[in-house]
Amino acid sequence: MEQAIIEGVVRLLEDGVPLADLSIERIARTAGVGKATIYRRWDGKEALFVDVLRVFEEADPELPGTSMRDDLVCLLEGLRRRGLNMRSSALLHNVFAQMKALPKLWEAYHVTVIEPRRRLTCEVLRRGVAGGELRADVDIEMANDLLVGPMLVRTIMRPHAQLDDDLAERIVDTVLEGLRPPS
């Protein structure tokens, strides 16, 4: 039943219905269920939309654990693949664009998707400090932003920017090098 409801939302979005225009009644009708069925699972459409977005999210990659660098490359490669998926999916791009008009949805997505990934990257960086791969005085939050920022710029803000296969490695290596010129 849950899958039919999520597929109903996706069908409506694929048909060009703006996210903000979707009602529980319309979703229920499209999915072939009653409104009560939807409300038993979700407390409103924004909670349902978070689950719809989760369907499009790839699972976090399993980290190799061989080094901080390798784990960071793995995490950024996951972001690069998500960016490629978003570019190839007008549906996903449309949902993200409209989501900003729904602050509760944006907050729920941030709490359930963005923050867990941010915590994971910060954990990798802390392990790097503990293992001597990163200076002890590094601001972990800033280092996270320096790593993730370029990938987000290329995947979201610069839709025509290249997402080369080695982009994750280049970003990680550049940040870890500290942008110093070669000696």
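Basis of the calculations
- Residues numbered from 1 in each chain as written.
- Predicted model: local features only at pLDDT ≥ 70, side-chain atom pairs only at ≥ 80, totals over all residues.
- Heavy atoms only, no water.
- Helix = DSSP H or I, 4+ residues; strand = E, 2+ residues; numbered from the N terminus.
- Buried < 20%, exposed > 50% of the residue type's maximum accessible area, 1.4 Å probe, protein only.
- Contact = heavy atoms within 4.5 Å.
- Areas by Shrake-Rupley, 256 points an atom, 1.4 Å probe, with all protein chains shown as cover.
- Lys, Arg positive; Asp, Glu negative; His and termini not counted.
- Charge placed at Lys NZ, Arg CZ, Asp CG, Glu CD.
- Axes fitted to C-alpha atoms, helices over the stretch in contact; angles between N-to-C directions.
- Parallel < 35°, antiparallel > 145°, perpendicular 65-115°, else oblique.
- Nonpolar A, V, L, I, M, F, W, Y, C, P; charged D, E, K, R; others polar.
- Left-handed = near helix turned anticlockwise from the far one by under 90°.

Asks: Explanation requested: the overall build of the protein chain in the structure shown.
Replies: Within the protein chain one finds nine helices and zero strands. Across the protein chain, helices and strands are ordered from the amino to the carboxyl terminus as α-α-α-α-α-α-α-α-α. C-alpha atoms of the protein chain, sized along the principal axes, occupy 65 × 35 × 25 Å. When the 183 residues of the protein chain are sorted by exposure, 41% land in the buried category. Summarising the internal contacts of the protein chain: among those between residues at least 6 apart in sequence, 61% fall at separations of at least 24. Approximately 10300 Å² of the protein chain is accessible, and the part contributed by carbon and sulfur atoms is 54%. For the protein chain, the centre of its 25 positive side-chain charges and the centre of its 30 negative side-chain charges are spaced 5 Å apart.

Asks: Sorry if this is basic, but what is going on with the packing of helix 1 (residues 2-14) against helix 4 (residues 45-56) here?
Replies: To describe two helices that pack against each other, one gives the angle between their axes and the distance between the axes. Between helix 1 and helix 4, the shortest axis-to-axis distance is 10 Å and the interhelical angle comes to 85°. In terms of axis orientation, helix 1 runs roughly perpendicular to helix 4. Within the contact between the two elements, helix 1 uses Ile-5, Ile-6, Val-9 and Val-10 and helix 4 uses Leu-48, Phe-49, Asp-51, Val-52, Val-55 and Phe-56. Partitioning the contact of helix 1 with helix 4 into residue classes produces nine nonpolar, no polar and one charged.

Asks: Help me understand the packing of helix 7 (residues 103-130) against helix 8 (residues 140-157) in this model?
Replies: Relative orientation of the contacting elements helix 7 and helix 8 amounts to 115°, with a least axis distance of 9 Å. The element helix 7 and its partner helix 8 pack so that their crossing is right-handed. For the pair helix 7 and helix 8, the contacting residues are Arg-118, Thr-121, Cys-122, Leu-125, Arg-126 and Val-129 in the first and Ile-140, Glu-141, Ala-143, Asn-144, Asp-145 and Leu-147 in the second. Residues of the contact of helix 7 with helix 8, tallied by class, amount to six nonpolar, two polar and four charged.

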